[in-house]
Amino acid sequence: MPRTPEQARQHAVDLASETMGELIGFWGFKASMGRIWTLLYLTSEPLPADAIAARTGLSTGAVSMAITDLLMWGIIERTPAPGERKRHYTAETDVWAMVRRIFRDRELRLIKRAIQRFTEAVHLLDESIEANPDDDEARFMVGRLRGLLGLANIGYSIIEGFADVGRLTLEPIKGALNRQSDQS
């Protein structure tokens, strides 16, 4: 049985939204965020929250929470709709800029925290070694920790470069951990 144009469009949106929801879920975001962004991305006109709920099958509460998160990440934006009181939303269409923003806001924060904690662990062991110079196990551990710290610093530089200019290379990582632990 042939589909109407409206049915074909809705089915395509459903398939794409479900797929994006799975991808977004894999990256640690709520699947509903991916579904809503995809709907807005594939829709030529801004949509209000109730239309988003109706077209995605999500509850009003789920749509409201996801919209709040999407706005916070800069993945959607409020768009004025002349003559309407309801808030309307559109999707960020520069996917590359969106990915870079998320890397800057989320991954860099995580790596920075790792650097701080590895640094603290190195300092703890350095103080212990200073007080107990014959502690070979602490010397071994501090060498390994310096390797992890070096790798985290390299990772930070890589992610920062990607977030700034959109270029990603993993070349600096190659052998970094081995070089660091060989030096200990």
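This text follows the structure it describes.
Residues numbered from 1 in each chain as written. Predicted model: local features only at pLDDT ≥ 70, side-chain atom pairs only at ≥ 80, totals over all residues. Heavy atoms only, no water.

Along its length, the chain carries seven helices and three strands. Reading the helices (α) and strands (β) of the chain from amino to carboxyl end gives α-α-β-α-α-β-β-α-α-α. Buried residues in the chain amount to 32% of all 184 residues. (Helix = DSSP H or I, 4+ residues; strand = E, 2+ residues; numbered from the N terminus. Buried < 20%, exposed > 50% of the residue type's maximum accessible area, 1.4 Å probe, protein only.)

The next point concerns the pattern of salt bridges. Here the idea is simple: oppositely charged side chains can pair when their charged atoms come close. A full pass over the atoms with the stated rule returns six salt bridges. A salt bridge links Arg-9 to Glu-6; its shortest N-O distance comes to 3.8 Å. In this pair, Arg-9 and Glu-6 are both assigned in helix 1 (residues 5-26), three residues apart and thus about one turn of the helix distant. Note that Lys-86 and Asp-50 form a salt bridge whose closest N and O atoms lie 2.5 Å from each other. Here Lys-86, found in the loop between strand 2 (76-79) and strand 3 (88-91), pairs with Asp-50, found in helix 3 (residues 49-56); they are 36 residues apart in sequence, far enough to count as distant. (Salt bridge = Lys/Arg side-chain N within 4 Å of Asp/Glu carboxyl O.)

Let's shift gears to the packing of helix 2 (residues 31-42) against helix 3. Packing of helix 2 against helix 3 brings their axes to within 10 Å, and their N-to-C directions diverge by 105 degrees. Taken together, the axis directions place helix 2 and helix 3 in an arrangement best described as roughly perpendicular. Along its contact with helix 2, which presents Arg-35, Ile-36, Leu-39 and Leu-40, the element helix 3 presents Ile-52, Arg-55 and Thr-56. In terms of residue class, the contact of helix 2 with helix 3 is made up of four nonpolar, one polar and two charged. (Axes fitted to C-alpha atoms, helices over the stretch in contact; angles between N-to-C directions. Parallel < 35°, antiparallel > 145°, perpendicular 65-115°, else oblique. Contact = heavy atoms within 4.5 Å. Nonpolar A, V, L, I, M, F, W, Y, C, P; charged D, E, K, R; others polar.)

Take the sheet that holds strand 1 (residues 47-48) next. Strands sit in the order 1-3-2 across an open sheet of three strands; the sheet is antiparallel. A strand with exactly one partner marks an edge of an open sheet, and here the two such strands are strand 1 and strand 2. Bridging between strand 1 and strand 3 involves two bridges; their strand directions are antiparallel. Within strand 3, the residue paired with Leu-47 across the bridge is Tyr-89. Across the sheet, helix 4 (residues 60-73) lies against strand 2 and strand 3, angled at about 105 degrees from strand 2, the strand it touches most. (Pairing = 2+ DSSP bridges.)

Looking now at the packing of aromatic side chains. Under the criterion given, the structure shown has two aromatic pairs. Plain terms: the ring middles of Phe-29 and Trp-73 are 5.4 Å apart, the flat faces sit at 85 degrees to each other, and that makes the pair edge-to-face. Of this pair, Phe-29 sits in the loop between helix 1 and helix 2 while Trp-73 sits in helix 4; the two residues are 44 residues apart in sequence, bridging distant segments of the chain. Overall, the relative accessible area of 13% leaves Phe-29 in the buried class. Taking 4.6 Å as the distance between ring centres and 25 degrees as the angle between the ring planes, the aromatic pair formed by Trp-37 and Tyr-41 counts as stacked. Taken together, the positions of Trp-37 and Tyr-41, both in helix 2 and four residues apart, correspond to about one turn of that helix. When its relative accessible area of 7% is taken as the criterion, Trp-37 is described as buried. Note on Tyr-41: relative accessible area 37%, which makes it partly exposed. (Phe/Tyr/Trp six-rings, centres within 6.5 Å; stacked < 30°, edge-to-face > 60°.)

All right, on to the pairing of strand 3 then. Of the two faces of strand 3, both are covered, the one formed by His-88 and Thr-90 as well as the one formed by Tyr-89 and Ala-91. Relative to strand 3, strand 2 runs antiparallel, the two sharing four bridges. Residue pairing for strand 3: Ile-76 is matched across the bridge by Ala-91.

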